[in-house]
There are 2 protein chains.
Amino acid sequence: MGQLKQTPSDMRGATGTGRSIYELLRTQIADGSLPAGACAPSTRGLAAELGVSRTTVTTAYEQLAAEGYLVTATGRVARVARPLVAAQTPEPSGIRRTRPVPKLSDFGHRVQEIGLSALPHTEPVRFDFLYGALASRDFPSLAWRRAYQTELLRQQSRLFYAGPEGDASLRSALQGYLRRARGLACDAEQIVVVHGSQQGIDLCARVLLNSDDAFVFEDPGYLMARRCFEATGARCLATAVDAQGLDTSSLPQDHRVRLAYVTPSHQFPLGGVLPITRRQELLQWARRQNAWIVEDDYDGEFRYGQRPIDALQTIDGDGRVIYVGTFSKTLSPQLRLGYLVLPPEIVPVFRQAKRLTDRHSPLLEQRVLASMIESGAYERHVRRMRRENERRRAALLDAVTRYLPKDAQVGGTAAGLHVVLWLPFLLPAEELNVVAAARQAGVGIYPVSTLFVEPESLARPRPAGFILGYASLTVEQIHMGMEILGRLLSQGSTVK
Amino acid sequence: MGQLKQTPSDMRGATGTGRSIYELLRTQIADGSLPAGACAPSTRGLAAELGVSRTTVTTAYEQLAAEGYLVTATGRVARVARPLVAAQTPEPSGIRRTRPVPKLSDFGHRVQEIGLSALPHTEPVRFDFLYGALASRDFPSLAWRRAYQTELLRQQSRLFYAGPEGDASLRSALQGYLRRARGLACDAEQIVVVHGSQQGIDLCARVLLNSDDAFVFEDPGYLMARRCFEATGARCLATAVDAQGLDTSSLPQDHRVRLAYVTPSHQFPLGGVLPITRRQELLQWARRQNAWIVEDDYDGEFRYGQRPIDALQTIDGDGRVIYVGTFSKTLSPQLRLGYLVLPPEIVPVFRQAKRLTDRHSPLLEQRVLASMIESGAYERHVRRMRRENERRRAALLDAVTRYLPKDAQVGGTAAGLHVVLWLPFLLPAEELNVVAAARQAGVGIYPVSTLFVEPESLARPRPAGFILGYASLTVEQIHMGMEILGRLLSQGSTVK
């Protein structure tokens, strides 16, 4: 037994001595100390030598036999199995980096090349106007927790995979909600529940776009959607945006166009609300091009002054508009719950695609949300959030007037949870300097330049612009943040 | 005002009379009763006529102006905007089916053609040996609920998107768990948290396979994985399986092969545990082919008698094995939580792909799970489940001996949550008859034939086989179900 080399012992709790016997023999077999065909130590002898019960040794041997290291037979001595392929010793880490790695797919290569920017600093600065963030205290924790407990107790007698389209309770609740809140009359069968709007957009990209197609995209627009469409290999046709949203007069005529991605309720990021004329022009264009329209209604719940504008899908007579909804702006972006409202013709293929992608969205959360919509708690919450965000928005507009230079302008204020601050006395190239200086002073603001598609559109003369999200801040924080920013800008310390 | 046609009134709660004025005018504009350029009724006149306040009318007009239907200016009468594209009337539903729908992508077409089978009956029969289902009473509701409440209260001050790789707490907890439970030493940075193993498999398919590639697949094998790989357009190369798992001697030499999907811990469905020799042959083959290996460790936690066998990835010196783990078999398939352990070289591309796909998995559930692993509650639960399922398995084996014909055989019993029942006195073609007859008698069993890839493998002489999952049943249900099945089979009423 003197030949048994002690390996760095890995005494995984529950299995104790048996485990280390197993490890010892396995190492010996792997490094050739016990070659193929050789007899393993007798169980009786090994047990005596190690001072353990014979059963402990036998169990380890059975494990090794089960894994194919040993060949055992009742009454016969155990032998090392053959033919064992020469064991692989992991290479030293220096060499490891050069090891040949198998190929990636074209999609994999594109994803690798896309080089998504890092997430915005996870360490928030004191006054962080981070767009997409919500205040945790706004989350309806009590109602959510109660509904969660109720649904947890209500689980059926067995747990099994659910349908890809989403729970019937949530789809039915959503149908009612969409009618009341977004003027959208659809059948619950047209709804597919997804993991946030990002998955909805990704499903559209996969199911509707080939690598030799093209898609129309708002310029500037929502970067994570663009990346998703670009990852299919399809070509991005940037289409200009003005204060009213997508400039439909400049929609391209191109036989490769299969899809247009639009944010008609509140253009991201500039904030325009697409007028009915343009909506109809967009639909007519889509008919001529035989193209799909993906309508991302990412913050359609928030519109100040007027009732939220009806969804584009409400005036779509052709079944070309795919409506993308989300709970990221009303509840939490970490919840990952959203939905598609699909033209009936493509419901089956989207259900199949969702099922292949991840079977279905988590069931319990769907039911919790359904019960909150059914009870009215969700819409009460949305109304409260609308009032809350109206206050924040008013504070921001007030603070801009009070603290920022006179020629500062604010756009996109009619809806949503962010505005764009335009500073005509700065050039777009100066945006990043201002962002960095503001950050150092404890104020987070975000440049618009990164959201433009075409270098030409960046070159077009325009003021420097910054996105200010306000949904995660208090009225006081908004005031203090703008005061600091105003001081910075008036000092001119940020600009040469 | 007599010309105002009453539309099917849609008095969405909150907005009342204003809403119906809005609807009336919008309908008139859409159907041409109020043509472009025409004056809208005066607000004062309309208010008087309808007996509402002028503000109500003005608000409706402002909404219409905001949406671009009307052009308003202070002190001037509102006019219908021009040029309005002729409004689309939705076509009657009879014609609707023939409307031209834009094209789908190649992926979309393949998904449509794949025709996934429907989910197994959601209405369980009395004794349903449905594989993949768990008993709800096995779910650790109390511990889960407590951890959920704690994590809900612990939320940070703002809610924002998290990293695609998954929460650091869960990845670190998983790293420790994988080392203890699966012998897998990895870095937390190699882990990407996904929505159940299905999303893990789908990410592998997208990132690693092109449409002109081929992949190796166990025959019979896990259908939902196969469909996922097939949806990329890649060709499925079926490789035979015997009682020990994948027959590595028949692995194909084919330059198009990019990937092999395997279930080494407990082959699905036949249940073999891949011996070390074959594991090494598989790795050597992958090196020659320069192919990836996707190791689906779907129920690696459940192994009876011996300690669970270590993961294939533990002996991979090349960085070719992608480990897929899931909580669907230990907690709930409805939770949609799983993870990939990736070779370091491809971590960045998988993180990017996950981010484009759906940003990240729900954060709260990740933290709940992390805290349950850290506290030891998760592993206590897994041990309890192992004992519980060992009892169920013993009951099933006992019941088969007791109630089924003598020549019935049970395979794949060493691990997992299901076995395969082979009935040598029946032909594979008779499986569906037996399934239907059993179902009518209140017993759910599932044919193996549907999991074979190649028509040739179906034609090979073999007994009829049935998958019996036992994890959702009580010991009594297992006995009663087998008793009924035994009676059916001995009557021979199911077979001609």
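Reading the values: the criteria
- Residues numbered from 1 in each chain as written.
- Chains lettered and ligands numbered in written order.
- Predicted model: local features only at pLDDT ≥ 70, side-chain atom pairs only at ≥ 80, totals over all residues.
- Heavy atoms only, no water.
- Pairing = 2+ DSSP bridges.
- Helix = DSSP H or I, 4+ residues; strand = E, 2+ residues; numbered from the N terminus.
- Least-squares fit on C-alpha atoms with pLDDT ≥ 70 in both.
- Contact = heavy atoms within 4.5 Å.
- Axes fitted to C-alpha atoms, helices over the stretch in contact; angles between N-to-C directions.
- Salt bridge = Lys/Arg side-chain N within 4 Å of Asp/Glu carboxyl O.
- Nonpolar A, V, L, I, M, F, W, Y, C, P; charged D, E, K, R; others polar.
- Disulfide = S-S within 2.5 Å.
- Buried < 20%, exposed > 50% of the residue type's maximum accessible area, 1.4 Å probe, protein only.
- Patch = residues over 30% accessible without salt bridge, like charges linked within 9 Å, V, L, I, M, F, W, Y side chains within 5 Å.
- Areas by Shrake-Rupley, 256 points an atom, 1.4 Å probe, with all protein chains shown as cover.
- Lys, Arg positive; Asp, Glu negative; His and termini not counted.
- Charge placed at Lys NZ, Arg CZ, Asp CG, Glu CD.
- Phe/Tyr/Trp six-rings, centres within 6.5 Å; stacked < 30°, edge-to-face > 60°.
- Lys NZ or Arg CZ within 6 Å of the ring centre and 35° of its normal.
- Parallel < 35°, antiparallel > 145°, perpendicular 65-115°, else oblique.
- Left-handed = near helix turned anticlockwise from the far one by under 90°.
- Expected span 1.5 Å × (residues − 1).

*Asks:* So what about the sheet that holds strand 14 (residues 409-411) of chain A? Which residues, and what values?
*Replies:* Residue and element names in this part refer to chain A. Reading across the sheet, the four strands line up as 14-15-18-17 and stay open at both edges, with antiparallel pairing between neighbours. One side of each edge strand has no neighbouring strand; the edge strands of this open sheet are strand 14 and strand 17 (446-447). Where strand 17 and strand 18 (residues 464-469) come together, two bridges link them in antiparallel fashion. Its bridge partner being in strand 18, tyrosine 446 is matched across the sheet by isoleucine 467.

*Asks:* Pulling in residues and values, what's your account of the relation of the copies chain A and chain B?
*Replies:* There are two copies of the chain, and a rotation about an axis plus a shift along that axis relates them. Superposition of chain A onto chain B requires a rotation of 180 degrees combined with a translation of 0.0 Å along the rotation axis, giving an RMSD of 0.1 Å. Taken together, these values place the two copies in the relation of a two-fold axis. When the interface residues of chain A are mapped onto chain B, 100% of them again lie at the interface, so the same face is used by both copies.

*Asks:* Can you explain the sheet that holds strand 7 (residues 214-219) of chain B? Please cite residues and give values.
*Replies:* All names here are of chain B. A sheet is described by the order of its strands in space; here eight strands give the open sequence 6-13-12-11-10-7-8-9, paired in mixed fashion. A strand with exactly one partner marks an edge of an open sheet, and here the two such strands are strand 6 (191-194) and strand 9 (245-246). Strand contacts of helix 9 (residues 223-230): strand 7, strand 8 (235-242) and strand 10 (257-262), with the helix running at about 165 degrees to strand 7, the strand carrying the most contacts.

*Asks:* Any chance you could break down the interface of chain A and chain B for me, citing the residues and the numbers?
*Replies:* Facing the 132 residues of chain A at the interface are 133 residues of chain B. Scanning the region where chain A abuts chain B turns up four salt bridges. For B:Asp202, the salt bridge identified is with A:Arg206, shortest N-O distance 2.8 Å. A per-class count over the side of chain A that touches chain B returns 59 nonpolar, 39 polar and 34 charged. Pairing between strand 4 (residues 134-135) of chain A and strand 5 (residues 158-159) of chain B: two bridges, direction antiparallel. Its bridge partner being in strand 5 of chain B, A:Leu134 is matched across the sheet by B:Leu159.

*Asks:* Now, about the state of the cysteines: what can you tell me, with residues and values included?
*Replies:* Tallying each qualifying case throughout the model produces zero disulfides over all chains. The cysteine A:Cys228 is free of any disulfide, with A:Cys204 supplying the nearest cysteine sulfur at 9.0 Å. Relative accessible area serves as the criterion here: at 2%, A:Cys228 is assigned to the buried category. B:Cys236 carries a free sulfur, and the closest cysteine sulfur to it, the one in B:Cys228, is 13 Å from it.

*Asks:* So, the pairing of strand 10 (residues 257-262) of chain A: which residues are in play, and what are the values?
*Replies:* All names here are of chain A. In terms of burial, strand 10 is largely enclosed, as six of its six residues are buried. Pairing of strand 7 (residues 214-219) with strand 10, which is carried by four bridges, proceeds in the parallel orientation. By the bridge assignment, valine 216 is partnered in strand 10 with alanine 260. Where strand 10 and strand 11 (residues 292-296) come together, four bridges link them in parallel fashion. Within strand 11, the residue paired with leucine 259 across the bridge is tryptophan 292.

*Asks:* Mind laying out a positive patch on the surface, listing which residues take part and the relevant values?
*Replies:* Taken together, the side chains of A:Arg380, A:Arg383, A:Arg384 and A:Arg387 define a basic patch exposed on the protein surface. You can see A:Arg383 is positioned in helix 13 (residues 377-403).

*Asks:* Residues and numbers for the packing of aromatic side chains, please.
*Replies:* Scanning all chains against the criterion turns up 27 aromatic pairs over all chains. Ring centres 6.2 Å apart and planes at 85 degrees place the aromatic pair A:Phe215 and A:Phe217 in the edge-to-face group. The residues A:Phe215 and A:Phe217 share a single accessibility class, namely buried. Above the ring of A:Phe160, the side-chain terminus of A:Arg158 is found at 6.0 Å from the ring centroid. Above the plane of the ring of B:Tyr161 lies B:Arg359, whose end atom (NZ or CZ) is 3.6 Å from the centre.

*Asks:* Just give me the short version of the packing of helix 8 (residues 196-208) of chain B against helix 9 of chain B, but keep the residues and values in it.
*Replies:* Residue and element names in this part refer to chain B. It is at 9 Å that the axes of helix 8 and helix 9 come closest, and there the two elements cross at 30 degrees. Viewed along their axes, helix 8 and helix 9 adopt a mutual orientation that is roughly parallel. Judged by the twist between their axes, the crossing of helix 8 over helix 9 is right-handed. In this structure, helix 8 contributes Gln198, Ile201, Asp202 and Ala205 to the contact, and helix 9 contributes Met224, Ala225, Cys228 and Phe229. The residue inventory of the contact of helix 8 with helix 9, partitioned by class, reads six nonpolar, one polar and one charged.

*Asks:* Explain helix 11 (residues 347-358) of chain A to me, and be specific about the residues and the numbers.
*Replies:* Residues and elements named next belong to chain A. In this model helix 11 runs 17 Å from its N-terminal to its C-terminal C-alpha over 12 residues, within 8% of the 16 Å that 1.5 Å per residue would give. Across the 12 residues of helix 11, 11 count as buried, placing the element largely inside the fold. Within the span of helix 11, buried status applies to Val347, Val349, Phe350, Arg351, Gln352, Ala353, Lys354, Arg355, Leu356, Thr357 and Asp358. Following helix 11 by one or two positions, arginine 359 adopts a phi angle in the positive range, close to 70 degrees.

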